[in-house]
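# Architecture at a glance
Listed below, chain by chain, are the residues.
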Amino acid sequence: MQDRADLLLVLAVKETGSLVGAAKRLGVTGAAVTKRLAQIEARLAVRLFRRTTRSVMPTPEGELYC
């Protein structure tokens, strides 16, 4: 079952294109977003985003999750 907070976090990352941008939107720290996203991905056993030093892009599975 998906938690509403999880969906909001994933959507914020997708819409802002960054973990820091999502953190600012949600009013939490970047570390909190990173940790929660890792927990969501571990629970689902799938990567939702491709992360580089310059961007965060949804994977095909990440697109479906949103």
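I will try to describe carefully the structure that is included in this document. Numbering of residues begins from 1 in every chain and follows the order in which that chain's sequence is written. Only residues with pLDDT of 70 or above have their local features reported here, since the model is predicted, and side-chain atom pairs are shown and tallied only from 80 upward, although totals for entire chains, interfaces and linings are computed over all residues. Processing note: side-chain calculations cover all non-hydrogen atoms of the structure and skip hydrogens and water entirely.

## Some remarks on the nonpolar core
The nonpolar core is taken to be a set of buried Ala, Val, Leu, Ile, Met, Phe, Trp, Tyr and Cys residues, with the residues joined through side-chain atoms within 4.5 Å. Working definition: with a 1.4 Å probe on protein chains only, accessible area under 20% of the residue-type maximum means buried, over 50% means exposed, and in between means partly exposed. V10, V13, V33, L37, L48 and F49 are the most contacted members of the largest nonpolar core, which has 14 residues in total. Of all the secondary structure elements, the ones that give two or more residues to this core are helix 1 (4–16), helix 2 (19–26) and helix 3 (30–44). Under the DSSP-based scheme used, a helix requires at least four consecutive residues in state H or I and a strand at least two consecutive residues in state E, with every element numbered from the N terminus. With four residues, the top contributor of residues to this core is helix 1. The contact rule is simple, with two residues in contact once any of their heavy atoms fall within 4.5 Å. Ignoring anything within four residues of it in the chain, the contact list for L37 reads L9, V10, L19, L48, F49 and R51.

## A few points about helix 3
Multiply 1.5 Å by the residue count of a helix minus one, and that product is the helix's expected span. With 15 residues, helix 3 extends 21 Å from end C-alpha to end C-alpha; this agrees with the ideal 21 Å at 1.5 Å per step. Taken residue by residue, helix 3 has V33, L37, I40 and E41 as its buried positions. Buried residues of helix 3, viewed axially, fall in a sector of 95°; they line one side. Facing away from the buried side of helix 3, by more than 90 degrees, are the exposed residues A31, K35 and A42. Of the surrounding secondary structure, the elements contacted by the buried residues of helix 3 are helix 1, helix 2, strand 1 (49–51) and helix 4 (60–65). Of the residues flanking the end of helix 3, it is A45, one or two places downstream, whose phi is positive at about 60°. Working note: the arc is built from the helix axis to C-beta atom directions.

## Structural notes on the packing of helix 2 against helix 3
In this analysis, axes come from line fits to C-alpha atoms, helices being fitted only over the stretch in contact, and the angle between any two N-to-C directions falls in the range 0 to 180 degrees. Look at helix 2 against helix 3: their axes get within 8 Å of each other, and the N-to-C directions meet at 110°. The angle between helix 2 and helix 3 falls in the class roughly perpendicular. Each of L19, A22 and A23 in helix 2 lies in contact with helix 3, whose residues at this interface are G30, V33, T34 and L37. For classification purposes, angles smaller than 35 degrees are called roughly parallel, those larger than 145 roughly antiparallel, those between 65 and 115 roughly perpendicular, and all remaining angles oblique.

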